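One letter stands for each residue in the lines below.
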Amino acid sequence: MATIASSDAEQETQKTGRGFAVPGWAVAYLQATPLFLILGFFFLLPIAMIGIVSFWDYDFAGLYPAFLTTNYTDTLGSWVTWKTYINTLKFTVIVWALTLFIGFWVAYFLAFHIRRTSTQMILFLVCTVPFMTSNIIRMISWIPVLGRNGLVNSTLIEMGLIPQPIEWLLYSDFAVVLAMVHLYTLFMVTPIFNTLMRIDRSLFEAARDAGASGWQVLWNVVIPLAKPGMAIGSIFVVTLVMADFSTVQVMSGGQSASIALMMKNQMSLLQYPAAAANAVVLLIVVLLMVAAILRIVDIRKEL
């Protein structure tokens with residue numbers, strides 16, 4: 001009887017304790033609250049402020065809180081804006097294709113042709129060393145190489161391959177694309193390299209035992225398994241190129257334009273509502289591009 005009474009008391013105590021316990025579903029929300037507050041203050045709030053300012057009115061004297069759609073109609077109704085978007089998308093597609101091609105083969109070489117892990121890490125760190133300096137410095141370093149009297153033109157003239165300097169090497173779309181590929185290739189190499197390192201090497205042996213050639217193994221095994229890393233690298237490169245204005249301004253010599261450069265010029269003229277409207281449109285375009293990438297490739301396998 002005493003045993004039964006004590007067990008009943010324990011059950012009552014457990015029931016009482018359960019009444020004051022935090023529900024299991026609420027624990028996860030409580031744990032995520034600090035992160036949500038930080039992201040809300042430093043990420044969502046600034047975006048919300050940009051969206052609010054994009055509807056304000058302005059003149060040379062200041063900003064005036066209002067709810068006007070003039071900034072959006074001026075932005076979307078201008079042929080200059082559409083031409084600038086086309087130019088920005090052109091840079092994005094070209095740079096994305098080149099960085100994907102170069103980044104994949106660099107990652108493939110590091111992952112499969114370098115046997116020792118220590119050597120892989122050393123070569124990978126060698127690739128990252130230049131990125132410890134400023135983007136501006138690495139970008140400007142191309143000017144003495146591509147200039148009219150630069151290293152490339154001087155070498156070609158001395159070799160007798162060209163009679164006079166090549167003008168389009170610098171201050172052109174070619175220079176912009178070259179500098180962007182140099183700046184952003186590592187953002188493609190890193191996720192692809194991480195993905196390739198996770199591939200089970202026994203899959204290659206099974207494919208060869210089934211009679212697959214080297215190119216068939218690459219096309220049917222390596223590339224499908226590397227798609228999550230390629231998608232993550234594509235997101236990095238696309239967002240960086242779409243938001244880049246310094247490279248376009250410096251390497252094109254002011255002869256080309258991008259949406260980010262347009263916003264920078266508007267802010268320098270204190271046209272903040274117009275720049276905010278352009279920022280909202282650019283954000284929507286980038287989100288649509290990222291959504292398209294995620295629609296094609298499921299990167300949850302990589303996370």
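See the structure printed just above.
Residues numbered from 1 in each chain as written. Predicted model: local features only at pLDDT ≥ 70, side-chain atom pairs only at ≥ 80, totals over all residues. Heavy atoms only, no water.

**Details of the overall build of the chain**
Logical step 1: Along its length, the chain carries 14 helices and two strands.
Logical step 2: Whereas a compact globule of 303 residues would reach a radius of gyration of roughly 19 Å, the chain reaches 27 Å, over 25% beyond that.
Logical step 3: Considered along the principal axes of its C-alpha atoms, the chain spans approximately 110 × 70 × 35 Å.
Logical step 4: A burial count over the chain gives 35% of its 303 residues as buried.
Logical step 5: Across the chain, the fraction of contacts at a sequence separation of at least 24, relative to all contacts at a separation of at least 6, is 71%.
Logical step 6: Accessible surface, the chain as shown: approximately 18700 Å² in total, 71% of it carbon and sulfur. (Helix = DSSP H or I, 4+ residues; strand = E, 2+ residues; numbered from the N terminus. Rg over C-alpha atoms; globule rule 2.2 N^0.38 Å. Buried < 20%, exposed > 50% of the residue type's maximum accessible area, 1.4 Å probe, protein only. Contact = heavy atoms within 4.5 Å. Areas by Shrake-Rupley, 256 points an atom, 1.4 Å probe, with all protein chains shown as cover.)

**Points about the layout of surface pockets**
Logical step 1: Looking at the largest pocket, its volume works out to about 380 Å³.
Logical step 2: Along the wall of the largest pocket there are 17 residues; nearest its centre are Phe 112, Arg 115, Arg 201, Phe 204 and Arg 208.
Logical step 3: Contributing elements (two or more residues each) for the lining of the largest pocket: α4 (79-113), α5 (117-128), α10 (202-209) and α11 (214-242).
Logical step 4: For the lining of the largest pocket, the residue count by class is nine nonpolar, four polar and four charged.
Logical step 5: Looking at the second largest pocket, its volume works out to about 310 Å³.
Logical step 6: Trp 96, Leu 100, Ser 234, Ile 293 and Ile 296 are, among the 14 residues lining the second largest pocket, the residues nearest its centre.
Logical step 7: Listed by contribution, the elements that provide at least two residues to the lining of the second largest pocket are α4, α11 and α14 (272-296).
Logical step 8: Looking at the lining of the second largest pocket, the element that brings in the most residues is α11, giving six residues.
Logical step 9: Here the lining of the second largest pocket is composed, by residue class, of 11 nonpolar, two polar and one charged. (1 Å grid on protein atoms, 1.4 Å probe; cavity = no way out; pocket = protein on both sides within 12 Å on 5 of 7 lines; lining within 4 Å. Points joined across faces, edges and corners; volume = space filled by probe spheres on them. Nonpolar A, V, L, I, M, F, W, Y, C, P; charged D, E, K, R; others polar.)

**Here's the deal with unusual backbone geometry**
Logical step 1: For Tyr 171, which is not glycine, the phi torsion reads 55° and is therefore positive.
Logical step 2: Overall, the relative accessible area of 38% leaves Tyr 171 in the partly exposed class.
Logical step 3: Phi is positive for Leu 270, close to 65°, though the residue is something other than glycine.
Logical step 4: Summarising the element assignment, Leu 270 is placed in the loop between α13 (259-268) and α14.

**Remarks on the side chain of Ser 258**
Logical step 1: Looking at where Ser 258 falls in the secondary structure, it is placed in the loop between α12 (246-251) and α13.
Logical step 2: Discounting residues that sit within four places of it in the chain, Ser 258 has contacts with Thr 84, Thr 88, Asp 244, Phe 245 and Val 248.

**Regarding the side chain of Thr 247**
Logical step 1: Turning to its location among the elements, Thr 247 is positioned in helix α12.
Logical step 2: With relative accessibility at 1%, the residue Thr 247 sits in the buried group.
Logical step 3: A polar atom in the side chain of Thr 247 sits 2.8 Å from the side chain of Asp 244. (Polar contact = N/O pair within 3.5 Å; in protein donor to acceptor, adjacent residues only side chain to side chain.)

**Comments concerning the pattern of salt bridges**
Logical step 1: If you walk through the whole model with that rule in mind, you get two salt bridges.
Logical step 2: Of the charged contacts, one joins Lys 90 and Asp 173 as a salt bridge, the two residues approaching to 2.9 Å between their closest N and O atoms. Remark: Asp 173 occurs in helix α9 (residues 173-197) and Lys 90 occurs in helix α4; sequence separation between them is 83 residues.
Logical step 3: The exposure class assigned to Lys 90 is partly exposed, which follows from its relative accessible area of 33%.
Logical step 4: In this structure Asp 173 comes out as partly exposed when scored by relative accessible area, which is 32%. (Salt bridge = Lys/Arg side-chain N within 4 Å of Asp/Glu carboxyl O.)

**Topic: the packing of aromatic side chains**
Logical step 1: By the definition in use, this model includes 12 aromatic pairs.
Logical step 2: Look at Phe 55 and Tyr 72: their rings are 5.2 Å apart centre to centre, the planes differ by 45°, and that puts the pair in the tilted class. Taken together, the residues Phe 55 in the loop between α2 (24-53) and β1 (57-58) and Tyr 72 in helix α3 (residues 70-76) connect sequence positions 17 residues apart.
Logical step 3: A relative accessible area of 21% places Phe 55 in the partly exposed class.
Logical step 4: What makes Tyr 72 buried here is its relative accessible area of 15%.
Logical step 5: Judged by centre distance (5.4 Å) and plane angle (80°), the ring pair of Phe 104 and Trp 105 falls under edge-to-face.
Logical step 6: Of the residues examined, Trp 105 reaches a relative accessible area of 32% and is grouped as partly exposed.
Logical step 7: Here the aromatic residues Phe 104, Trp 105, Tyr 108, Phe 112, Phe 204 and Trp 215 are joined through ring pairs into a cluster of three or more.
Logical step 8: Lying across the ring of Phe 91, Lys 90 places its NZ or CZ 5.2 Å from the centre. (Phe/Tyr/Trp six-rings, centres within 6.5 Å; stacked < 30°, edge-to-face > 60°. Lys NZ or Arg CZ within 6 Å of the ring centre and 35° of its normal.)

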